[in-house]
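# Descriptive analysis of the structure
The primary structure of each chain is shown beneath.
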Amino acid sequence: MTRHTHTHSPAHAHHTHDHAHHHGQDAEFDWDALAVHLEREAELQAPAVTGAARWLGGLLDGTPVRRVLDVGSGPGVIAGLLADAFPAAEVVAVDQSAALLERARTRSAGRVGTHRADLPADFGTLGSADLVWSGNAIHHLGDQQAALTALAATLRPGGLLAVAERGLPARYLPRDLGLGRPGLQARLDAAHEDAFTAMRESVPDTVAVVEDWPAMLAAAGLVPSGTRTFLVDRPAPLDAPAREFLHVQLARRREQLADLLDEADLAALDALLDRDAPTGILSRPDAFYLTALTVHTARAAGSR
């Protein structure tokens with residue numbers, strides 16, 4: 001699994017909530033080509049994940065953490081942060097892509113193990129864990145409730161399931177950016193929400209459910225243990241890697257949402273994507289990155 005794009009092998013999902021949903025041509029989509037983009041996005045969100053991991057450690061106070069699963073790990077940035085937070089644990093990155101798992105092994109320098117799994121078929125191969133993290137992966141699976149129930153079954157007594165889903169979409173443009181009609185970012189978000197709904201409807205064996213994550217965790221047989229939201233605040237001016245991430249992100253939005261946007265907004269996107277223009281995202285002094293990661297948690301019964 002890997003963030004933000006749907007494929008028909010839904011073991012790909014990725015940690016960030018502004019992930020790369022790809023609509024149409026799913027069978028031809030190359031997740032592995034996104035590796036650098038996925039890494040940059042996860043690195044941008046690292047402060048929020050580090051804060052979330054610290055909070056999870058507090059929730060697990062007194063429960064030995066010997067094995068941690070990152071389900072939908074992508075290239076392993078978050079798995080590495082979990083290894084930092086739980087240095088005594090075996091941390092395992094779980095993903096469908098062998099190439100992304102190889103990147104996870106390389107970047108972790110041996111601190112993170114890997115497990116290739118095509119979910120939901122391979123839930124039974126994950127083994128048991130004291131902590132399971134899944135970031136923006138569950139929504140790529142048709143039956144989200146069944147997926148949570150399967151993850152709950154991997155928890156050892158007293159173990160914790162942490163699911164990062166939704167939160168807030170990233171903001172990185174001024175309301176009036178001097179290109180076209182003000183409010184481009186909000187219109188991109190609205191179009192992306194429609195595309196997300198279409199993605200969910202196209203997932204094989206999709207099951208409609210009210211996305212009340214604490215209630216869904218309870219229905220999986222767990223005891224909800226709290227929800228918290230962690231802020232990512234990168235003010236202007238952004239550094240070059242962050243700008244390159246936004247350039248790729250806007251290019252993906254341009255491709256994915258072309259049928260949902262009017263000509264004026266498409267022209268504004270083209271201006272933002274111009275690498276040589278002072279109004280382009282690579283040169284603008286007012287580009288920033290602001291988002292929020294929401295993590296829902298629940299515990300397995302029992303203690304050790």
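The present account deals with the structure reproduced in this document. (Residues numbered from 1 in each chain as written. Predicted model: local features only at pLDDT ≥ 70, side-chain atom pairs only at ≥ 80, totals over all residues. Heavy atoms only, no water.)

If you tally the helices and strands in the protein chain, you get nine helices and eight strands. In the protein chain, once contacts between residues fewer than 6 apart in sequence are set aside, the share between residues at least 24 apart is 74%. Here the protein chain displays about 11900 Å² of accessible surface, and carbon together with sulfur accounts for 54% of that area. (Helix = DSSP H or I, 4+ residues; strand = E, 2+ residues; numbered from the N terminus. Contact = heavy atoms within 4.5 Å. Areas by Shrake-Rupley, 256 points an atom, 1.4 Å probe, with all protein chains shown as cover.)

This next bit is on the nonpolar core. Judged by nonpolar contacts, the single largest core of 59 residues is most densely connected at Trp-133 and Val-295. If one sorts the elements of this core by residue count, helix α2 (residues 46-59) sits on top with seven residues. (Core = buried A, V, L, I, M, F, W, Y, C linked by side-chain atoms within 4.5 Å. Buried < 20%, exposed > 50% of the residue type's maximum accessible area, 1.4 Å probe, protein only.)

What follows deals with the pattern of salt bridges. Any two side chains of opposite charge can pair, given that their charged atoms come close. Across all of its chains, the model carries 13 salt bridges by this definition. A salt bridge links Arg-103 to Glu-39, with the nearest nitrogen and oxygen atoms 2.9 Å apart. Of this pair, Arg-103 sits in helix α4 (residues 98-108) while Glu-39 sits in helix α1 (residues 35-44), and the two are 64 residues apart along the sequence. Judged by relative accessible area, Glu-39 falls into the buried class, the value being 10%. With a closest N to O distance of 3.7 Å, Glu-39 and Arg-107 form a salt bridge. Residue Glu-39 is located in helix α1, and its partner Arg-107 is located in helix α4; the two are separated by 68 residues in the primary sequence. You can call Arg-107 partly exposed: its relative accessible area is 37%. (Salt bridge = Lys/Arg side-chain N within 4 Å of Asp/Glu carboxyl O.)

Turning our attention to helix α8 (residues 240-256). With 17 residues, α8 should reach 24 Å at 1.5 Å per residue; the first-to-last C-alpha distance of 24 Å fits that figure. For α8, every residue scored as buried is listed here: Ala-242, Arg-243, Phe-245, Leu-246, His-247, Gln-249, Leu-250, Arg-252, Arg-253 and Gln-256. Of the residues flanking the start of α8, the one acting as N-cap is Asp-239, its side-chain oxygen 3.0 Å from the backbone nitrogen of Ala-242. (Expected span 1.5 Å × (residues − 1). Polar contact = N/O pair within 3.5 Å; in protein donor to acceptor, adjacent residues only side chain to side chain.)

A word on the packing of α1 against α4. Running from N to C, α1 and α4 point in directions that differ by 50°, and their axes come no closer than 11 Å. Considering the angle they form, α1 stands oblique to α4. Remark: the crossing between α1 and α4 carries right-handed chirality. Two secondary-structure elements touch here, α1 through Ala-35, Val-36, Leu-38, Glu-39 and Glu-43 and α4 through Leu-100, Arg-103 and Arg-107. (Axes fitted to C-alpha atoms, helices over the stretch in contact; angles between N-to-C directions. Parallel < 35°, antiparallel > 145°, perpendicular 65-115°, else oblique. Left-handed = near helix turned anticlockwise from the far one by under 90°.)

Right, let's talk about the pairing of strand β2 (residues 90-95) for a bit. The buried count for β2 comes to five of six residues, which makes it a mostly enclosed element. Sheet analysis places strand β1 (residues 67-71) next to β2, joined by five bridges and oriented parallel. Paired with Arg-67 across the bridge in β2 is Glu-90. For the handedness criterion, the β-α-β arrangement of β1, helix α3 (residues 77-85) and β2 is classed as right-handed. Looking at chain direction, β2 and strand β3 (residues 112-116) are connected through five bridges and run parallel. (Pairing = 2+ DSSP bridges. Right-handed = clockwise from strand over helix to strand, strands pointing away.)

Moving on, we get to the environment of Leu-238. Inspection of the secondary structure puts Leu-238 in the loop between β7 (223-234) and α8. The buried category is assigned to Leu-238, whose relative accessible area is 9%. For the pair Leu-238 and Tyr-289, spaced 51 residues apart in the sequence, the C-alpha separation amounts to 7.9 Å. Among all residues touching Leu-238, those that are not within four sequence positions of it are Arg-243, Leu-246, Ala-287, Phe-288 and Tyr-289.

Attention now goes to the packing of aromatic side chains. In the structure shown here, the tally under the stated rule is two aromatic pairs. Ring geometry for Trp-55 versus Phe-230: centroids 6.0 Å apart, planes at 50°, classification tilted. Highlighted residues: Trp-55 in helix α2 and Phe-230 in strand β7, separated in sequence by 175 residues. Judged by relative accessible area, Trp-55 falls into the buried class, the value being 13%. Summarising the aromatic geometry, the rings of Phe-245 and Tyr-289 are spaced 6.0 Å apart at their centres and angled 85° between planes, so their arrangement reads as edge-to-face. Residue Phe-245 is located in helix α8, and its partner Tyr-289 is located in strand β8 (residues 289-299); the two are separated by 44 residues in the primary sequence. Tyr-289 shares its class with Phe-245; the two are buried. A cation sits over an aromatic face here: Arg-166 above Phe-196, 5.0 Å from the ring centre. (Phe/Tyr/Trp six-rings, centres within 6.5 Å; stacked < 30°, edge-to-face > 60°. Lys NZ or Arg CZ within 6 Å of the ring centre and 35° of its normal.)

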